[in-house]
Each structure stands twice: as structure tokens, then as C-alpha cells.
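Coordinate analysis (summary)
For reference, the chains in residue letters:
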Amino acid sequence: MQAKALPGFRDFYPADLALRAHILHTWRAVASRYGFEEYDGPPLEPLELYTAKSGAEIVGQLYNFTDKGGREVALRPEMTPTLARMVAARANGLKKPIRWFALPQLFRYERQQRGRLREHFQLNCDLIGEPGPLADAELIALAVDVMRAFGLGPGDIKVRLSDRRVLRTLLLASGVTDQQLPAAFQAVDKIERAERRALAEPLAAAGMTAGTIDGVFAAAALRGLPAVEAALARAPGGEETGRPLRRVVEALGAMGLGEFVEVDLTIVRGLAYYTGTVFELFDAGRTLRAICGGGRYDGLLEALGGVDLPAIGFGMGDVVLAELLRERGLVPADVSSIDVFVAAISEQDVPEVLALAHELRDAGLRVEYALTTQAVGKQLRLADARNARAALVIGPDDRARGQVMLKDLRGQGQEPVDRTQVVERLARMAAVV
RNA sequence: GUGGUUGUAGCUCAAUCGGUUAGAGCGCCGGACUGUGGCUCCGGAGGUUGCGGGUUCAAGUCCCGUCAGCCACCCCA
């Protein structure tokens, strides 16, 4: 067998790359609409950038090695530490709120599965310096509008929205202690993937009573803002705690995006650093992994970069998104095509073919011609396979008359055109998309 | 990293109970067709049946190992 790409890494054939380019172009276009500016950092970083705050066990999922200078380095698994460093270095000079996005290729060493490789491209959007709920709504709206730009509507994808402060308040009201909160968060996070009995076991082991455990499951079962607010009304300080979540939902509703949003407290996100709003985007049938996930991380920039700024961000990978687009038939067709194919009748016509092809290319058209002398029919078959919209056929007779034959390959007709007018004629045709 | 499952041509698949030289469609190359594409017809190339070992007169088929894909767990920055 021939050498293949490493497990979890992809070869992009032209059709694959066309889809990837479509995704990256759309990401850039929508982020720009929101006034976000693109930045980037190195794909290779010091290992300690990722281990300093997360601990050594994370090394197991990093592509890390010692470079020739003896430095411990890692391929970037996420963008946030790089972002934190860059923002911290110029924090005083950057106008707030900072709206930045990046399209990094990220790497993680773990066993691959469908929708989950060892390498992927990710749209990373962060809004830094604004703690209020309107910033949260702005960022979620950006994620939703990316979906809409791909042609996906509220029947295709949903935003599952939660707020860790809300969940925390409800859990505390049920009798969960501060020490028990991490265990309770973890149980809520897994509630859809595990049996209730299996989840209750560690909670009991953490010292919770049966009644408190019931309270944990009750909070996780709440769906929709009214149900969550009703539960909050019975918790100390609940009304106050629920205000940001309500504002986020209302703002998204005002933007006309309310149909996409589902309040669901089981969205916890694994990361310990989220402090408030958290959300994930899923396909409506929930057959695929999350398309996008993010949340508010108000303490993280200080921990990573030493600058205390509130922030909210999300990451959206290309792998699950591409699967969804393929599934829904939203992949742009006809990705490769040329404008003009220039065919020679005889070998004596080749110099004229070369001259004309070059003039057309100078005019910005996409042009191909046969690289060996071959029958006209064969050249036109190649033109057809290339999705050319027109062919120019040049033979001795045409040259003698100072003309070329222009064939419309999307239709059937053909007509002689003066050699002096060909370039202008075709340039005009190509301009009409 | 753990457990399960699947590997046949570029792609999608076939091959009876273990039995002759592993086939088909699509795609690709060439021809019919030296002044005209799509269609059609004809021909061709392309396989260490993922890889290695074992059982057997005989292995794509059975057994073991390994690699890879998929599924679940772990994790999801």
C-alpha cells in the first residue's frame, strides 16, 4: 500500500478544497459584517502556553515535541492563549470593545472519529472588553448568521443557550454546596449521554441527599426561558441572576433570530473557565456533533495574559459544518470551470491559438487549449469536460479571412467573429455571470 | 488511552459450503471521428483482496497479530 496521510489528517482534492474555500470565505464575509477584524498567530507555540494554566495532563492531547534548539513546543490546539497574549501585549492601545476573529488550523492528538479529526480549521470570534448581555447576543447572532449565510435556517440548526450563573443559583437553592458544584455541573453536562442512576452515584458519593440530587435533575430538565425563570423565582437572588439570560434572549428575538434559540441548562461546556453565558449550535436533528460552542470567560484573560478584561468568544470547526452542508445539499456546484477553450484545426494554427489564448488571459479570462495536436472533436470534448462556456475554433480558412469561429458550449450555436473583436467580445460575455 | 465493529480497482459494490485465471457499473485512457462537444458503440489500463503470520490439497472467505476506517467511552481547549 502506498503511504497515506497521517490518521486524522486530510488530503484536499480540488472538490474538497472548493468546499473548504467556500466555508472560509463565508466565515470571513460574515465576521466582517459584524465589524470583526482578522488576526493570526503562530501555528507552533511554546508548550508552556498550554500547560501553564491547564496542568500537565493536557499534554496527552497535544502535538508536542522538542525542537532542534531544545525548546518544548506544541502545535496550537486552540486559539485563546495566543489571543490572550496578543491582547495583553497591547491592551492599553486597543480600542474597546475589541472585535477580533481568526481562522486557525488547530491540532489535537486524540483518536479520530467522524466529525473529529486531529486537525481542523476553526472560526474563532471573540468580543473583548464588554461584560454586558448585548455583547453575548451580538456574538451568538454572528454564529447564527454564519449558518444563515450557508443557507441553513431555524429548521436546520438550533442554538442551545444557557448561563452558568443561572445553573449555579438553581443548584445552590437545591442544597448543593460550593464544594459539590463541580460534580453537579459535570452530571448536568452528561445528562443526555448517561443513565440517571450512573449519574446519581457520584453525586451521592459527594455527599448530596436524595432530595438535592432530585433538584439537580430538575434543574437540568428545565426547557425554555419561562420555565427557567419560574424556577429562579423560587431561588434566593434568582430573579437578579436570571436577568442577563433574559436580555440575551430578548436581544436575539429583536434581531429576528428568536426561532433559533432554545434555553437549555444542560449546555455546560467542559471548560472550567466559562463564567456566564454558554451556548452551542447543533443540527436540528442532533445527529451530528456540536457545530459551534462558546461562552463568556471573564477571568481567563487575566489568568493567561495578566490583563483583566471581560470576554466572550466561540469556536466553529469546519469538519462537522462540512458534513452538515453535504447532507443538506448546500455545497456549491460547478466549482471548476473555465471561460474559453481555444481549439486548433491543424498544427499550423497552433501559434495563433497561443497568441489568442495569451491575449484572453491578459484580459482576465480563464483559458485552456490542447497541449498536443489532436482532432477537433477531441479538443471540444475536453472543453466540455472543463465546463468551458465557449470555445474558439481556429483553422486555416478562418485565419485567411481574419476570423475565428466562436462556439457557445452551453448551447448549440456558433458564429464567425473578426479576430480583432474576439477578446472584447469574450470579455463582455465572461463579465455576465 | 479502553471496548466493539468493518477493511475487495480511483469510486460504489459482487464473488454460492473454503474450490479454475477475483468480476460489474461509474470514472480514467485510446479508437469509431484529420473542421466541431454532450449521445452511442468498441477496445484498454487499473488489484500483493489493508499488511504480516497461521490452518488447509486449496484462503478474498477460517484463526492470530497489526495497521486503518467507523461506533461508544475518555476528552472536547
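Residues numbered from 1 in each chain as written. Chains lettered and ligands numbered in written order. Predicted model: local features only at pLDDT ≥ 70, side-chain atom pairs only at ≥ 80, totals over all residues. Heavy atoms only, no water.

Glancing now at the overall build of chain A. Scanning chain A for helices and strands turns up 17 helices and 17 strands. Expected size for 433 residues packed as a compact globule is a radius of gyration near 22 Å; at 29 Å, chain A overshoots this value by more than 25%. For chain A, the spread of C-alpha atoms along the principal axes amounts to about 95 × 55 × 50 Å. Evaluated residue by residue, chain A yields a buried proportion of 47% over its 433 residues. In chain A, once contacts between residues fewer than 6 apart in sequence are set aside, the share between residues at least 24 apart is 68%. As displayed, chain A offers around 21600 Å² of accessible surface, 51% of which is attributable to carbon and sulfur atoms. Mean positive and mean negative side-chain charge positions of chain A (53 and 56 charges, respectively) differ by 2 Å. (Helix = DSSP H or I, 4+ residues; strand = E, 2+ residues; numbered from the N terminus. Rg over C-alpha atoms; globule rule 2.2 N^0.38 Å. Buried < 20%, exposed > 50% of the residue type's maximum accessible area, 1.4 Å probe, protein only. Contact = heavy atoms within 4.5 Å. Areas by Shrake-Rupley, 256 points an atom, 1.4 Å probe, with all protein chains shown as cover. Lys, Arg positive; Asp, Glu negative; His and termini not counted. Charge placed at Lys NZ, Arg CZ, Asp CG, Glu CD.)

Further remarks concern the sheet that holds strand β16 (residues 403–408). Each strand in a sheet pairs with another by means of backbone hydrogen bonds, the pair being arranged parallel or else antiparallel. Pairing is mixed in the open sheet, where 5 strands are placed in the order β14-β13-β15-β16-β17. The open sheet terminates on both sides in strands that have one partner only, identified here as β14 (367–369) and β17 (414–418). On average, adjacent strands in this sheet sit at an angle of 30 degrees to one another, irrespective of strand direction. Sheet topology places strand β13 (residues 340–344) next to β14; 3 bridges connect them, and they run parallel. Bridging from a neighbouring strand, F341 pairs with E368 of β14. Here helix α14 (residues 350–362) sits on the sheet and contacts β13, β14, β15 (390–394) and β16; the angle it forms with β14, its principal contact strand, is near 165 degrees. Set on the sheet, helix α15 (residues 376–385) makes contact with β13, β14, β15 and β16; between it and β13 the angle comes to about 170 degrees. (Pairing = 2+ DSSP bridges. Axes fitted to C-alpha atoms, helices over the stretch in contact; angles between N-to-C directions.)

Once that is clear, we can look at unusual backbone geometry. The bulk of non-glycine residues show a negative phi, and the bulk of peptide bonds are trans. Going from K96 to P97, the amide bond is cis rather than trans, its omega being -5 degrees. Relative to the helices and strands, P97 is located in the loop between α3 (80–89) and β5 (98–102). At R286, a position not held by glycine, the phi torsion is positive, near 55 degrees. Secondary-structure assignment places R286 in the loop between β10 (277–283) and β11 (292–296). Residue class for R286 comes out partly exposed when judged on its relative accessible area of 36%. Residues other than glycine seldom take positive phi values, yet N387 does so here, at roughly 65 degrees. Relative to the assigned elements, N387 resides in the loop between α15 and β15. In this structure N387 comes out as partly exposed when scored by relative accessible area, which is 31%.

In this model, α14 (13 residues) spans 18 Å end to end at C-alpha, consistent with the 18 Å of a helix rising 1.5 Å per residue. Turning to α14, its buried residues number three or more, namely V353, L356, A357 and L360. Buried residues of α14 fall within an arc of 100 degrees about the axis and therefore sit on the same side. Seen from the open side of α14, the exposed residues pointing more than 90 degrees away from its buried face are P351 and D362. Looking at the buried residues of α14, the elements they touch are β13, β14, β15, β16 and α17 (422–431). In the stretch just after α14, G364 is the one whose phi turns positive, near 95 degrees. (Expected span 1.5 Å × (residues − 1). Arc of directions from axis to C-beta.)

Burial analysis of β11 places 5 of its 5 residues in the buried class, the great majority of the element. The pairing of β10 with β11 spans 4 bridges and is classified as antiparallel. By the bridge assignment, L281 is partnered in β11 with C292. Where β11 and strand β12 (residues 311–317) come together, 5 bridges link them in antiparallel fashion.

Turning to the packing of aromatic side chains, a few remarks are in order. Inspection of every chain in the model, using the stated rule, returns 7 aromatic pairs. Aromatic side chains F9 and Y63 sit 5.8 Å apart centroid to centroid with 80 degrees between the ring planes, which places their arrangement in the edge-to-face category. With F9 in the segment before α1 (14–33) and Y63 in the loop between α2 (48–54) and β3 (64–66), this residue pair connects regions lying 54 residues apart in the sequence. For the pair Y63 and Y109, a centre-to-centre distance of 5.1 Å together with 75 degrees between the ring planes defines the contact as edge-to-face. In this pair, Y63 is assigned in the loop between α2 and β3 and Y109 in the loop between β6 (105–107) and β7 (119–128), connecting sequence segments 46 residues apart. (Phe/Tyr/Trp six-rings, centres within 6.5 Å; stacked < 30°, edge-to-face > 60°.)

By the element assignment, E323 lies in helix α13 (residues 318–327). E323 sits in the buried class, given a relative accessible area of 17%. Beyond its immediate sequence surroundings of up to four residues, E323 is in contact with R114, G115 and L288.

Here the focus is the domain arrangement of chain A. If you check the domain split of chain A, you get domain 1 (14–327) and domain 2 (340–431). Distance from the C-alpha centre of domain 1 to the C-alpha centre of domain 2: 54 Å. (Domains from an automatic or database assignment.)

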